[in-house]
Amino acid sequence: MPMIDALWPEDALTSEAEARLVRELTDILIRAEGYDPASHVAPRVWVFPTEIPDGAWGTGGAIWMLPDIHALLAGDSERDAGVARLARRRLEKARITLEAALNAASAGIASKSSLERPA
């Protein structure tokens, strides 16, 4: 059963790109075993996609942030694009977390009132 780790900096890939990467790596591993990717062996292949938090990615003895990687790959003018991507992603994650916390708090309040005993 072939397995592969795929790692990238936080928000370096879109959800669509992540899904495409998993599909393409699966096909590569199937071919490496000598099978056709259309065959029945795909469920035997495991891809472990992992997003590395910004500030936890290093090379050349230094920590690289997503804006630095954008600048390295696409030119210094793209540094702000990396900053904007991280800001959008973090805002969305915060919104999801807040929504989940509010839902949990509401559910807790409702269940607590149903469990209270009369004095």
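Residues numbered from 1 in each chain as written. Predicted model: local features only at pLDDT ≥ 70, side-chain atom pairs only at ≥ 80, totals over all residues. Heavy atoms only, no water.

Trainee: For this particular structure, what's the right way to read the pattern of salt bridges?
Mentor: Note that side chains of opposite charge can pair when their charged atoms are close. Here the structure, examined in full by the defined rule, presents eleven salt bridges. Of the charged contacts in the structure, one is a salt bridge between E10 and R90, with a shortest N-O distance of 3.3 Å. Separated by 80 residues along the polypeptide, E10 in the loop between β1 (3–9) and α1 (15–32) and R90 in helix α3 (residues 79–115) bring together distant segments of the chain. Residue R90 is classed as partly exposed on the basis of its relative accessible area of 41%. R79 is paired through a salt bridge with D76; the nearest N and O atoms lie 2.9 Å apart. The partly exposed category is assigned to R79, whose relative accessible area is 29%. Among the residues examined, D76 registers a relative accessible area of 55% and is labelled exposed. A single salt-bridge network, built from bridges that share partners, covers E10, D11, E51, R85, R89, R90 and K93. (Salt bridge = Lys/Arg side-chain N within 4 Å of Asp/Glu carboxyl O. Helix = DSSP H or I, 4+ residues; strand = E, 2+ residues; numbered from the N terminus. Buried < 20%, exposed > 50% of the residue type's maximum accessible area, 1.4 Å probe, protein only.)

Trainee: Could you clarify how one ought to interpret the side chain of H70 in this entry?
Mentor: Considering the arrangement of structural elements, one finds H70 in helix α2 (residues 66–74). Look past the residues within four positions of H70 in its chain and what remains in contact with it is G75, E78, R79, A81, G82 and R85. (Contact = heavy atoms within 4.5 Å.)

Trainee: Got a minute to help me understand α1 in this structure?
Mentor: Since the α-helix packs 3.6 residues into each turn, any two residues three or four apart lie on the same face. Here α1 is 18 residues long and its end C-alpha atoms lie 26 Å apart, about the 26 Å a rise of 1.5 Å per residue gives. Buried within α1 are the following residues: A17, L25, T26, L29 and I30. On its buried face, α1 is in contact with β1 and β2 (46–52). Looking one or two residues past α1, G34 carries a phi angle of roughly 90 degrees, positive in sign. (Expected span 1.5 Å × (residues − 1).)

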